[in-house]
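Summary of structural features
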Amino acid sequence: AGGGYLDDGRTYMATTVIDGIAGTLSYYIDGVHQSTIPAISLGSYSFTNMYLGRSPFAGDNYVSGTVDEFRVYSEARNAITIAVD
């Protein structure tokens, strides 16, 4: 849906939280909440491939950076835990 770009050469922590119970998808940059939108169940998609730094949708931009670390948790993280990370 567009939005800002972090192409300034600095390091950022970008966090996406998909909360299946609440039905929300939230974005954080450096532990600061940016937005929350209604989540669409990931099971409703039929992706053949999944990527880091690239969307499966042709119209979306690629990431113009590198990934230093990638984490997956089995539960939705809350804002306090994300800020501490």
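Preceding block: the structure.
Predicted model only: the values in this text are computed from it and were never measured.

Once that is clear, we can look at the overall build of the protein. Within the protein, the secondary structure is distributed over 1 helix and 3 strands. Along its sequence from the N terminus, the protein presents helices and strands in the succession β-β-β-α. Overall, the protein is about 35 × 35 × 20 Å in size when its C-alpha atoms are taken along their principal axes. Per-residue burial for the protein yields a buried fraction of 11% across its 85 residues. If you take every contact in the protein between residues at least 6 apart in sequence, the share linking residues at least 24 apart comes to 23%. When the accessible surface of the protein is summed, it comes to about 7,000 Å², and 54% of that surface belongs to carbon and sulfur atoms.

What follows concerns the pattern of salt bridges. Within the structure shown, the criterion is met by 3 salt bridges. Measuring nitrogen to oxygen at the nearest pair gives 2.5 Å for the salt bridge that ties Glu69 to Arg71. We classify Arg71 as partly exposed; its relative accessible area is 46%. Between Asp85 and Arg77 there is a salt bridge, and its shortest N-O distance comes to 3.0 Å. Look at the salt bridges and you will find they share partners, linking Glu69, Arg71, Arg77 and Asp85 into a network.

Moving on, we get to the pairing of strand β2 (residues 24-29). Where strand β1 (residues 14-19) lies against β2, 6 bridges are found, and the strand directions are antiparallel. Paired with Ile18 across the two strands is Leu25, which belongs to β2. Counted between consecutive antiparallel strands, the loop separating β1 from β2 contains 4 residues, among which Gly23 sits at a positive phi close to 70 degrees. In the sheet, β2 pairs with strand β3 (residues 32-38) via 6 bridges, with the strands oriented antiparallel. Paired with Ile29 across the bridge in β3 is Val32. Where β2 folds back on β3, the antiparallel hairpin that results is connected by 2 residues, among which Asp30 adopts a positive phi of roughly 50 degrees.

This part takes up the packing of aromatic side chains. Here a ring pair, both rings aromatic, is described through the centre-centre distance and the interplanar angle of the planes. Taken as a whole and judged by the stated rule, the model has 0 aromatic pairs. When the ring centre of Tyr73 is taken as origin, the NZ or CZ atom of Arg77, which lies over that ring, is 3.9 Å away.

About the criteria used
Here the residue numbers are simple positions, counted from 1 along each chain's written sequence. Two thresholds apply to this predicted model, a pLDDT of at least 70 for residue-level local features and 80 or more for giving and counting side-chain atom pairs, whereas whole-chain, interface and lining totals are computed over all residues. Only heavy atoms go into the side-chain values, all of them from the structure, while hydrogens and water stay out. By the criteria applied, helices consist of DSSP H or I runs no shorter than four residues and strands consist of E runs no shorter than two, each listed in order from the N terminus. Each residue is assigned to one of three classes by its accessible area relative to the maximum for its type, calculated with a 1.4 Å probe on protein chains only: buried under 20%, partly exposed between the two thresholds, exposed over 50%. Contact definition: two residues touch when any of their heavy atoms are within 4.5 Å. Exposure was quantified through the Shrake-Rupley algorithm and a 1.4 Å probe, taking into account, for residues, occlusion by the shown protein chains and nothing else. Throughout this description, the term salt bridge denotes a Lys or Arg side-chain nitrogen within 4 Å of a carboxyl oxygen of Asp or Glu. A pair of strands counts as paired when DSSP detects no fewer than two bridges linking them. By convention, a stacked pair of Phe, Tyr or Trp rings (six-membered ring in the case of Trp) has centres within 6.5 Å and planes under 30 degrees apart, an edge-to-face pair has planes over 60 apart, and any other such pair is tilted. In this scheme, Lys NZ or Arg CZ marks a charge over a ring once it lies within 6 Å of the ring centre and within 35 degrees of the ring normal.

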